[in-house]
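Architecture and fold: a report
One letter stands for each residue in the lines below.
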Amino acid sequence: MDALSALRALGLELPSPAYIFGVIVFGLIGLAASRSGRKSGRRATLWLGVALMIYPYAVSRTWLLYAVGVALCLGIILDRCRPGL
């Protein structure tokens, strides 16, 4: 418990289970999207997938993690529904 108290004194806290779950889910969706985008030649899907895997490192709030993740997932869905390419 001393290590946990020392971290809290520095202003650091462990992430909540909801945050960890979101990181795993959006990371897996990003991995699938980037692989799909690479195979199909859709560059937007590829880069949205990469963004889904990387952005959790820049976001510390759980609500913001889910908001950005859903927005990026919607971008992937819209890109895949786009005709052509």
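The text that follows walks through the structure, step by step, so that each part is easy to find. (Residues numbered from 1 in each chain as written. Predicted model: local features only at pLDDT ≥ 70, side-chain atom pairs only at ≥ 80, totals over all residues. Heavy atoms only, no water.)

1. As for the packing of aromatic side chains
- Within the structure shown, the criterion is met by two aromatic pairs.
- With 6.4 Å between their ring centres and 55° between their planes, Phe26 and Tyr55 make a pair best called tilted. With Phe26 in helix H2 (residues 17-40) and Tyr55 in the loop between helix H3 (43-54) and helix H4 (62-81), this pair connects stretches of sequence that are 29 residues apart.
- By relative accessible area, which is 6% here, Phe26 ends up buried.
- Ring geometry for Phe26 against Tyr66: centres 5.8 Å apart, planes inclined by 70°, an arrangement best described as edge-to-face. Taken as a pair, Phe26 in helix H2 and Tyr66 in helix H4 lie far apart in primary sequence, 40 residues in all.
- You can call Tyr66 partly exposed: its relative accessible area is 28%.
- Taken together through their ring pairs, the aromatic side chains of Phe26, Tyr55 and Tyr66 make up a single cluster. (Phe/Tyr/Trp six-rings, centres within 6.5 Å; stacked < 30°, edge-to-face > 60°. Helix = DSSP H or I, 4+ residues; strand = E, 2+ residues; numbered from the N terminus. Buried < 20%, exposed > 50% of the residue type's maximum accessible area, 1.4 Å probe, protein only.)

2. A short note on the pattern of salt bridges
- Enumeration according to the criterion identifies two salt bridges in this entry.
- A salt bridge links Arg42 to Asp79; the nearest nitrogen and oxygen atoms lie 3.8 Å apart. With Arg42 in the loop between H2 and H3 and Asp79 in helix H4, this pair connects stretches of sequence that are 37 residues apart.
- You can call Asp79 buried: its relative accessible area is 5%.
- One continuous salt-bridge network, built from bridges that share partners, spans Arg42, Asp79 and Arg82. (Salt bridge = Lys/Arg side-chain N within 4 Å of Asp/Glu carboxyl O.)

3. Quick look at helix H1 (residues 2-9)
- The buried fraction of H1 amounts to zero of the eight residues, a small share that puts the element mostly on the outside.
- Taken from the residues just after H1, Gly11 is the one with a positive phi, measuring 90°.

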